[in-house]
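# Topology and contacts: notes
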Amino acid sequence: MPSYLPVLVGLAHLQGAYAWGSLGHATIAYVAQNFVTSEVKTWAQGVLSDTSSSYLANIASWADDYRSTTAGKWSAPMHFIDAEDNPPSSCNVDYNRDCGSSGCSISAIANYTQRVGDGRLSAANVNQALKFLVHFVGDITQPLHDEALEVGGNDIDVTFDGYSDNLHADWDTYIPEKLVGGSSLADALTWATSLTAAINTGSYASSKASWIAGDDVSDAITTATRWASDANALVCSVVMPNGVAALETGDLYPTYYDSVVPTVELQIAKAGYRLANWLNTIYSENIAASSISKRTPVADISGADLLPPPRPLSKAKLARAAMGGSCGQHRH
Ligand SMILES: *[C@@H]1O[C@H](CO)[C@@H](O)[C@H](O)[C@H]1NC(C)=O
Ligand SMILES: [Zn+2]
């Protein structure tokens, strides 16, 4: 191995501290591009002012860049939902219990689903809504984005492939990058091509219908809660089936890595397929139908009515607040 490689890997480890890393989000976007209708493609390219063949992949990580700016700090809680369950013995998501009063991934998906198809907003607002939506439908399939324990695993210190980092970052970024061998858009496209084949005719062909069963853009809170519950269940069964302590000794590569990689691939494929179906449905039900004037009551476009009732801050919510709402920093 050339001597400069560990430096490059080290740099990569400092980036992408949020959510599925840029590789995961771009891959999800490319998978989605393969399943949207030609009308949705034309519409999305117009909204994003990007007629390239990477129109969704190019903006898939915008929300992570935005939240790390001063102006975008408010949006940090929308990347996750802190399910206050008790893995590995009990996993579950409860919207009213777990979504904080400033919002979470579920309320954000509902809000931007409403906003992207509403028809009353400015082009800039619709552009922002689509960029958020593409990102959050990805985040919600990462199991540790649906878990409060140890701030979504950010505070679980582990060793992966010789690096000291945390479990959350490994799931977001380093496990996918280890699998694919890079983090560029070209790497994402290659990965998306193979996942798309698996969805069409391969190992996912028989399960893909279940990934979108019951999805309903007119009840996005229920739909996104189901997506969050589906990923959260994997915290108990795959992410930490033997508890936290078992992850904190030894190197997670290769035994743990091998045990979770099929789930990482499944979740990325699932997110892309769901995203495409979601956009197709928003388009046919709301945008093409221009149904806003016919809908009663007309939606509150601030989304305020989507939030759960306020409740006192739990320990987990206080821990998240202490971290500034971020996904945390990597330690080396
Ligand atoms: C909905 O989106 C708008 C625009 O980004 C934002 O100002 C508002 O706070 C959001 N509402 C919720 C409930 O997330
Ligand atoms: Zn994110």
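Going by the structure above, here's the rest.
Computed from a predicted structure; not experimentally measured. (Residues numbered from 1 in each chain as written. Chains lettered and ligands numbered in written order. Predicted model: local features only at pLDDT ≥ 70, side-chain atom pairs only at ≥ 80, totals over all residues. Heavy atoms only, no water.)

## Structural notes on the overall build of the protein
Counting secondary structure elements, the protein contains 13 helices and two strands. The burial tally for the protein puts 55% of its 332 residues in the buried class. Taking contacts inside the protein between residues at least 6 apart in sequence as the whole, the part at least 24 apart equals 77%. Carbon together with sulfur atoms contributes 56% to the accessible area of the protein, which is approximately 13500 Å² in total. (Helix = DSSP H or I, 4+ residues; strand = E, 2+ residues; numbered from the N terminus. Buried < 20%, exposed > 50% of the residue type's maximum accessible area, 1.4 Å probe, protein only. Contact = heavy atoms within 4.5 Å. Areas by Shrake-Rupley, 256 points an atom, 1.4 Å probe, with all protein chains shown as cover.)

## Side note on the site of ligand 1
The local shell around ligand 1 consists of W74, N111, Y112, R115, Q128, S302, G303 and L307. With respect to ligand 1, the side chain of Y112 contributes an N or O atom lying 2.6 Å from an oxygen atom. Within the contact set of ligand 1, an oxygen atom lies 3.1 Å away from a side-chain nitrogen or oxygen of Q128. Contact with the protein chains removes 73% of the 360 Å² of surface that ligand 1 exposes when unbound. It is helix α6 (residues 105-116) that provides the largest number of residues to the shell around ligand 1, a total of three residues. The residue makeup of the shell around ligand 1, split by class, is three nonpolar, four polar and one charged. (Near = heavy atom within 4 Å. Polar contact = N/O pair within 3.5 Å; in protein donor to acceptor, adjacent residues only side chain to side chain. Nonpolar A, V, L, I, M, F, W, Y, C, P; charged D, E, K, R; others polar.)

## Observations concerning the coordination of the zinc ion (ligand 2)
Protein-derived ligands of the zinc ion (ligand 2) are D64 (OD), H79 (ND1), H135 (NE2) and D139 (OD), with the metal-ligand distances lying across 2.1 to 2.8 Å. Geometry at the zinc ion (ligand 2) is irregular, judged from the four donor atoms that bind it and their angles of 80 to 169° at the metal. The sequence pattern formed by the donor residues of the zinc ion (ligand 2) is D-x14-H-x55-H-x3-D. Of the two residues, D64 sits in helix α4 (residues 62-67) while H79 sits in the loop between α4 and α5 (95-98), which places them 15 residues apart along the sequence. According to the relative accessible area criterion, H79 is buried, its value standing at 0%. (Donors = N, O, S within 2.8 Å, 3.2 Å for Na, K, Ca; no water. Tetrahedral: all angles 85-135°; square planar, octahedral: opposite > 155°, others 65-115°.)

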